[in-house]
Each structure stands twice: as C-alpha cells, then as structure tokens.
Amino acid sequence: MKQRINLICEELFAECVAGSLYGQNRESAKALIFSTIKMRNNFVRRISHPEPGMSAKAYYKDLKEKFAAQAGELLDQLVSF
C-alpha cells in the first residue's frame, strides 16, 4: 500500500512541477506541490499506525477511499489550471 501511495504521489508531484514550469499560474502549482507532499506524508504515516478499536480490514478500506478521494481532488485542481 505504501508503494502505491508513493507512486501516485510521485506522479502527481511530477505533473505539478511540469505545471509550474509551463503553466501560467505558478503559485497554484506550488500550492499543489505542497499539498501533494503533505498528503503523501499523512497517508504513509497513517498506514503505520492503525486506529485502535477498528478492525484492520475496515481501517485500510477507509484509508484507501480517503486517499482516492483526496488524490482525485488534487488531480481535478491540477487539470483546472
């Protein structure tokens, strides 16, 4: 799971960097770069420390859904500029 998160975040990061170099709105691209890094760190940290009292299967399912949603939002923002 960590490898998938890292891979997706690397791709988002590369697209953000390309957008900052070739796009007109560099400040938005920089904000997306920092958001991508923050998202990656947050989700990798959460993989290593599951919530107590929650079954592992439910926890990781919820984690995957939240990651997909947040990555989708970042991608939508990236496409918009």
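This text gives an overview of the structure that appears in the document. (Residues numbered from 1 in each chain as written. Predicted model: local features only at pLDDT ≥ 70, side-chain atom pairs only at ≥ 80, totals over all residues. Heavy atoms only, no water.)

**Notes on the environment of Tyr 59**
Relative to the helices and strands, Tyr 59 resides in helix α3 (residues 56–80). For Tyr 59, a relative accessible area of 2% translates into the label buried. Considered as a pair, Tyr 59 and Ile 47 are 12 residues apart in the sequence and their alpha carbons are 9.3 Å apart. Tyr 59 has contacts with Arg 46, His 49, Pro 50, Glu 51 and Met 54, leaving out every residue within four places of it along the chain. (Helix = DSSP H or I, 4+ residues; strand = E, 2+ residues; numbered from the N terminus. Buried < 20%, exposed > 50% of the residue type's maximum accessible area, 1.4 Å probe, protein only. Contact = heavy atoms within 4.5 Å.)

**Side note on the state of the cysteines**
For the coordinates displayed, the defined rule picks out zero disulfides. Free of any disulfide, Cys 9 has its nearest neighbouring cysteine sulfur in Cys 16, separated by 10.0 Å. On the accessibility criterion, Cys 9 (5% relative accessible area) is buried. Judged by its relative accessible area of 2%, Cys 16 falls in the buried class. (Disulfide = S-S within 2.5 Å.)

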